[in-house]
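Listed here are the chains, written in short residue letters.
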Amino acid sequence: MQNHWQGRIAIKVLGTPPQAFSADFELDGHGEAGTLALFSPLGTTVAHMQWAPGMAQLRNGGDLRNFESLSALAQQATGTELPVTALFDWLRGTATPAPGWEADLSQLSEGRLQARRQADAAPAVELRIILER
């Protein structure tokens, strides 16, 4: 079972005002314990997230912050809640349901994953991942 991915991630939060975020990334682990590093186009580490049972940390430059959950960590790092646990399954090709989210795995064999959160209670979100081969 694969536990390492790298490529490019883009997130659009379709709120007022809209927000957009994109970065190169390296993702290791699984929903219970792992790391996610985000890099600028020049290769500089923008953020490094690490989580395990009872621990969720964000390192941003020299600043280290602790969070009560992986959800709160992802919210701070990306500007929106992300279904991180389901994301690992999606990257492995399993269409695990995530409340409010719809994943399109039809292009995963070409290294592309798309997911969208509908705008019921929170702003709509578009998540796009392009994996390196």
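Okay, so let's go over this structure.

Glancing now at helix α1 (residues 70-78). Burial in α1 covers these residues: Leu70, Ala72, Leu73, Ala74, Ala77 and Thr78. On the buried face of α1, the contacting elements are β1 (4-14), β2 (19-29), β4 (45-52), β5 (55-60) and α2 (84-91). Gly79, located one to two residues past α1, shows a positive phi value of around 90°.

Before going further, it helps to examine the nonpolar core. Note on soluble globular proteins: their nonpolar side chains tend to be buried together. One finds Phe25, Trp51, Trp90 and Ile129 to be the most contacted residues of the largest nonpolar core, which totals 37 residues. Top element by residues in this core is α2. It accounts for six residues.

So, about unusual backbone geometry. With the exception of glycine, most residues fall at negative phi, and the peptide bonds are largely trans. Going from Thr16 to Pro17, the amide bond is cis rather than trans, its omega being 0°. You can see Pro17 is positioned in the loop between β1 and β2.

Analysis parameters
Residue positions are given per chain, counted from 1 along the sequence in the order it is written. At least 70 in pLDDT is required for a residue's local features to be given in this predicted model, at least 80 for side-chain atom pairs to be given and counted, and no such filter applies to totals for whole chains, interfaces and linings, which use all residues. Heavy atoms from the whole structure form the basis of all side-chain values; hydrogens and water molecules are not counted. The classification of residues rests on relative accessible area computed with a 1.4 Å probe and restricted to protein chains. Under 20% of the type maximum is buried, over 50% is exposed, and intermediate values are partly exposed. Each helix is a run of H or I in the DSSP string that is no shorter than four residues. Each strand is a run of E no shorter than two, and both are numbered from the N terminus. By definition in these notes, contact holds between two residues if any of their heavy atoms fall within 4.5 Å. To define a nonpolar core, start from buried Ala, Val, Leu, Ile, Met, Phe, Trp, Tyr and Cys residues and group those joined through side-chain atoms within 4.5 Å.

In short, shape yes, function no, at least from these values alone.
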